[in-house]
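# Survey of secondary and tertiary structure
Listed here are the chains, written in short residue letters.
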Amino acid sequence: MLSLDLLLFVCLGYVALLFALAFYIDRRARQGTVGWLHSPIIFTLSISVYCTSWTFYGAVGSAARNGLEFITIYLGPTLVFIGWWWLLRKLVRIGRQHRITSIADLISSRYGKSPGLAVLVTLIALVATTPYIALQLQSVTRSYQAIVGDVDVAGTAFAIAAGMAVFTIFFGTRNLDANERHHGVVAAIAVEAVVKLVALLAVGLFAVYGVAGGVGPIFEGVDTEVIYGAGDIFDARWVALTFLSATAIICLPRQFQVTVVENVDESHLATASWMFPLYLFGMCLFVMPIAIAGLKFLPEDANPDLYVLALPLAFDRQDLALLAFLGGFSSATSMVIVAAIAVSTMVSNHIVMPIALNFMRSGNETSGDVRSLLLTSRRVSIAAVLALGFLYFRLSGGSDALAAIGLIAFVGVAQFVPGLIGGIFWRGASRAGAFWGLAAGFALWAYTLFLPSFGGELILSRDVIENGLFGMTALRPQALFGLTDMDPLVHALVWSLGTNAMVFLVISTLSQPQPLERLQAAQFVDVFRTPPEEAPRFQSAQVAAEDLFVLAQRILGSGPARRLFDDMATDQGRAGLLPLPSDAVIVGLERELTGSIGAASAHAMIRRVVGNESISMTELIDIADETQRLIETSAALSDRTAELASTAQELRTANAQLRNLDAQKDEFLSQVSHELRTPMTSIRSFSEILLGDDPVPEADRQRFIAIIHDESERLTRLLDEILDINRLEAGTVDLPLCPVDVNQAIEAALATVSPVAQQQGVEVERMPAAPDAWVKANEDRLRQVLINLLANGVKYNEAATPRIEVKQSRHGGGITIDVVDNGGGVAQQEAETVFEKFNRGERSSADEGAGLGLPISRTIVRAMGGELTIEFAGDGSSFFRVWLPASEPA
Amino acid sequence: MRTNTNRTPIEQADASRKAAERGLLLPFIGMLLLLPPVAGIFQLDVRLFGVPLAALYLFTVWAVLIVLARVLAKPLLRGADAPPGAPGD
């Protein structure tokens, strides 16, 4: 047995350590040197307040009784966290943008800053949390008892509750602004999170390897029923428990506190999305083995809820038992501390303050009076919440009924789900719907689950529980309207949450929301589309800046108020003066106050100074729909931008084309001048010689005149060609098309070319002609093209035995005429350039033509709807191909 | 924000939209696998490595979900700065 002294010493030492740590961190935080505390790991560890002593001891107890079922309590949160993009991200964004202080604040703020809704949510949270705190006290005292034997139960529990109250008040109410992190508290909780994980893992490893001797042996000989529970484990209860734990990770006040309120950076969620499930995974890994080891090796009358502690004790491992005790202690205290902060913030902001402010209305207003009242109210609330927990523990006499309270509390806070989820995803959710849904759900929860759990000792008598209200069996709390075959928990969940959601939906669709409600709905649902600085501005009332300053001083204290107003004045360019009471200033101040006293109270206090809302419905709808309009405007803008971009692109392309054409024209002109210049020069020089004084012999005279004549002819031809191609390209030439017999056209062209060919010794071969080859063309022009191609082949053929081949075939709905010569072909890369004007190709160095033949031919063929190309044969030689659309014979 | 200079803004927007879609899908996959009727398939009196099958199944799925969430966290975070109108808004 561990001695009482040692246990007390270790326990107090641990607590002292936590106090010292919290104190140190808090002091460092005020000096601004705790950047590392803003890490996602610390955030994740603080979320682990989810694992209370109900997990630390209770999970093993549950596993010993119901097998794997315990795991559902951790699967739900896992699903919520791996799906953080859905819900948590939005909650956190809303929480930060609206400076939400608690889940009651969020729900009330969403539904038009309704004080009534805030009170209802606070009450439910309080009712669900009090027994939960009592459960923690119980588990600590029981574990204490298990180690040292008989102790003063009440005294121990009281000492723990009082210690926690001191800690929470000391470190939890340093800042008034609930949005600011409680650094000391968070640090202590992070340490406790590590302690409880390490402790449970240590006991688990001990159970598997120290007691049983391996993974195989521990499961050996274990009845299937132990692992799967009696009957089907994957049933409605499995689904219900998973769902419940998923809702609890959002709706439990302490979880909302650590996840949403104390979140300093949205990106921490991304890390927590896998790290928190990993933490839960670690907590659960050895639960089943510990439970089995307990069943196997501990006496039958041992309490499964204390196996974690009893196992090391039974095997005389006092060090491990001490670690386990500290783990359980950590789980319990961290839950109590955070729950006390969360619930006391709600109680203070939504119940105490509104009442107190009402009384203070006529009193004399001094600087900081509300602030000190608020701090006092927070502290008293913390003490009161913990006192309630202790009282509850005393009155319930530490009964076993407490063990079930975890799930009962889950169902209680699950009532927030319709109003919460509906509120942030559905604009139409209304305050009346949320309020009455919540009220109905709460009442049914109390009737079907919470009150019956006392076994007839609170409000509902045993008789009512067994026989129904007024003796009506249809009203039996655990078999409402004759639903007898259901698990009591599933039964209560279905009735309470089902009714809640139904009432919420129906009343929401029937009721007309208030203006402020509409505004808040738009801001919450579209939180990702509303930039934080885009505050709604609808204060049109007259107000003096002095009044606002007095109000801020009363709530924030004179220092912070001074700073806030100085900042706002500087923003307006009025440094050193009071800011003008513009809409932005009023809204900003309200937001600042919201962080301290919650949305409903802040709104009420601002109203009292500023006067009532003087906003018309139309104005409000304008504001509420402003986000929508913003979205539309920006969409329209981006459309317009895209349109402009494509227009600009088109213009750029057109411009490039124009430049290109311009360059072509310049080139053409210079080419033309060059081509004209050569014959002109020779004509001029020979004429000058003839006109000169020196006598010219008759033979030379004749020769010179012949040259002048030839050159003039060449000039004329050139000019004709230029005119021709210009007219063709401009499309001003009328080309009447009619069916032309290809064979005839080829014969005619050959007849024209053959004298020159014979003269040059070029053999022209006509391949066998296909009959009935008709194309749609202009006969004269087609002949011109063919002559041109043939003449080309004749003129530039440098082969030893020059030869030209003409053949035709049917091809793609038309007829092709190929003119093939063995003169060397055209290089592949030159294929297109031969069709450029004045380009004579590499073969034509000794040429006298102007180089317009091919461009003219191509233009003609294209004008007739065909195509003239250079084709390359397999052996690298090239030939010209004319393709023309086929036609009916004439 | 350009976190990857090799990608055009359009590719980035596309990547973050895909990430968001996967992020939305993950909890549904988890639900399908961890709830009846699928989970019920594994409620057999079979041991694997000495561990009852259903227990092994649940913890394995759980571990895979954690790994997937870890893989998705970074691209999702990159998309958190995406312009309004991204899925999940």
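### Brief notes about the overall build of chain A
Check the secondary structure of chain A and you find 35 helices and seven strands. A sequence separation of at least 24 residues applies to 80% of the contacts in chain A between residues at least 6 apart.

### Description of the overall build of chain B
Within chain B, the regular secondary structure consists of two helices and two strands. Start at the N end of chain B and walk to the C end: the helices and strands fall as α-β-β-α. The buried share among the 89 residues of chain B stands at 28%. Partitioning the contacts of chain B with sequence separation of at least 6, the portion at a separation of at least 24 is 75%.

### Some thoughts on the interface of chain B and chain A
With 35 residues of chain B in contact, the opposing surface of chain A contributes 34 residues. Those elements that provide at least two residues to the side of chain B that touches chain A are α1 (9-34), β2 (51-52) and α2 (53-79) of chain B. When residues in the side of chain B that touches chain A are grouped by element, the largest group, 12 residues, is from α2 of chain B. For the side of chain B that touches chain A, the residue count by class is 25 nonpolar, six polar and four charged.

### Structural notes on the confidence of the model for chain A
All names here are of chain A. Taken over all residues, the pLDDT of chain A has a mean of 83, while the share at 70 or more is 91%. When mean pLDDT is compared element by element in chain A, helix α5 (residues 72-82) scores highest at 95, while helix α30 (residues 617-624) scores lowest at 50. Within the model, pLDDT remains below 50 along residues 842-847, and this stretch shows six contacts once partners closer than five positions in the same chain are excluded.

### Section: the pairing of strand β5 (residues 814-821) of chain A
Residue and element names in this part refer to chain A. Burial within β5 is extensive, with six of its eight residues counted as buried. With eight bridges connecting them, strand β4 (residues 803-811) and β5 associate as antiparallel partners. When the sheet's bridge partners are listed, Q808 is paired in β5 with I817. Where β5 and strand β7 (residues 878-885) come together, seven bridges link them in antiparallel fashion. Residue pairing for β7: V820 is matched across the bridge by F879.

### What to know about the pairing of strand β3 (residues 774-777) of chain A
All names here are of chain A. Here β3 shows a clear split, with V775 and A777 buried on one side and none of W774 and K776 buried on the other. With four bridges connecting them, strand β1 (residues 738-741) and β3 associate as antiparallel partners. Residue pairing in the sheet places D741 in a bridge with W774 of β3.

### Section: α5 of chain A
Of all 11 residues in α5 of chain A, 11 are buried; the element is thus mostly enclosed. Buried within α5 of chain A we find T72, I73, Y74, L75, G76, P77, T78, L79, V80, F81 and I82 of chain A.

### With respect to the sheet that holds β4 of chain A
Residues and elements named next belong to chain A. In spatial order, the strands read β2-β4-β5-β7-β6; together these five strands make up an open sheet with mixed pairing. Two strands in the sheet have a free side with no partner beyond their single neighbour: β2 (763-766) and β6 (867-872). The mean inter-strand angle of the sheet, taken between neighbouring strand axes irrespective of direction, is 20°. Bridge count for β2 against β4 is four bridges, and the pairing is parallel. Each bridged residue has a counterpart across the sheet, and for R766 the counterpart in β4 is V806. Lying on the sheet, helix α33 (residues 742-760) is in contact with β2, β4 and β5; it crosses β2 at an angle near 170°. Along the sheet, helix α34 (residues 779-795) makes contact with β4, β5 and β7, crossing β5 at roughly 20°.

### Describing α34 of chain A
An α-helical turn contains 3.6 residues, so any two residues separated by three or four positions project in the same direction. Helix length check: α34 of chain A (17 residues) gives 24 Å between terminal C-alpha atoms against 24 Å at 1.5 Å per residue, within 8%. Those residues of α34 of chain A not exposed but buried are R781, L782, R783, V785, L786, N788, L789, L790, N792, G793 and V794 of chain A.

### Examining the packing of helix α10 (residues 183-212) of chain A against helix α17 (residues 307-314) of chain A
Residue and element names in this part refer to chain A. It is at 10 Å that the axes of α10 and α17 come closest, and there the two elements cross at 45°. Relative to α17, the element α10 is oriented oblique. As α10 runs across α17, the sense of the crossing is left-handed. Judged by residue contacts, V203, F206, A207 and V211 of α10 engage V308, L311 and P312 from α17.

### Some remarks on the confidence of the model for chain B
All names here are of chain B. Of all residues in chain B, 78% attain a pLDDT of 70 or more, and the chain-wide mean is 79. Of all secondary-structure elements in chain B, the lowest mean pLDDT belongs to strand β1 (residues 47-48), at 83, while α2 reaches the highest, 90. Taken together, the stretch residues 82-89 has pLDDT below 50 and engages in 20 contacts with residues farther than four places along the chain or on a different chain. Reported for the predicted complex are a pTM of 0.69 and an ipTM of 0.88.

### Quick word on the nonpolar core
Residues and elements named next belong to chain A. C251, I290, V308 and V411 are the most contacted members of the largest nonpolar core, which totals 236 residues. In terms of residue count, the dominant contributor to this core is helix α18 (residues 318-360) (22 residues). Setting aside chain neighbours within four positions, we find V308 in contact with F56, Y57, V60, V203, I290, A324 and G328. In terms of nonpolar packing, the next biggest core, distinct from the first, is built from 34 residues, L790, V794, I804 and V819 among them.

### Re unusual backbone geometry
Note the cis peptide between P36 of chain B and P37 of chain B, where omega equals 5°. Note that P37 of chain B resides in the loop between α1 and β1. Phi is positive for K113 of chain A, which is not a glycine, with a value near 50°. Positioned with a positive phi, D316 of chain A is a non-glycine residue whose angle comes to about 60°. Following the sequence through the fold, D316 of chain A ends up in the loop between α17 and α18.

### Here's the deal with the packing of helix α4 (residues 58-66) of chain A against helix α16 (residues 287-297) of chain A
Residue and element names in this part refer to chain A. α16 packs onto α4 with a crossing angle of 65° between their chain directions and a minimal axis gap of 8 Å. You can see that α4 and α16 cross each other, and the crossing is right-handed. Listed contacts from α16 to A59, V60, A63 and A64 of α4 are V287, M288, I290, A291, G294 and L295. Residues belonging to the contact of α4 with α16 are distributed by class as follows: nine nonpolar, one polar and no charged.

### A look at the environment of A161 of chain A
Residue and element names in this part refer to chain A. Tracing the backbone shows A161 in helix α9 (residues 153-172). Given 26 C-beta atoms within a 10 Å radius, A161 is considered buried. In this structure the C-alpha to C-alpha distance between A161 and F390, which are 229 residues apart in sequence, comes to 6.7 Å. Not counting the four nearest positions on each side in its chain, A161 is found in contact with L137, L386, G389 and F390.

Conventions and cut-offs
Residues numbered from 1 in each chain as written. Chains lettered and ligands numbered in written order. Predicted model: local features only at pLDDT ≥ 70, side-chain atom pairs only at ≥ 80, totals over all residues. Helix = DSSP H or I, 4+ residues; strand = E, 2+ residues; numbered from the N terminus. Contact = placed C-beta atoms within 7 Å. Buried ≥ 20, exposed ≤ 12 C-beta atoms within 10 Å, placed from the backbone. Nonpolar A, V, L, I, M, F, W, Y, C, P; charged D, E, K, R; others polar. pLDDT = per-residue confidence, 0-100. Pairing = 2+ DSSP bridges. Axes fitted to C-alpha atoms, helices over the stretch in contact; angles between N-to-C directions. Expected span 1.5 Å × (residues − 1). Parallel < 35°, antiparallel > 145°, perpendicular 65-115°, else oblique. Left-handed = near helix turned anticlockwise from the far one by under 90°. Core = buried A, V, L, I, M, F, W, Y, C linked by C-beta atoms within 7 Å.

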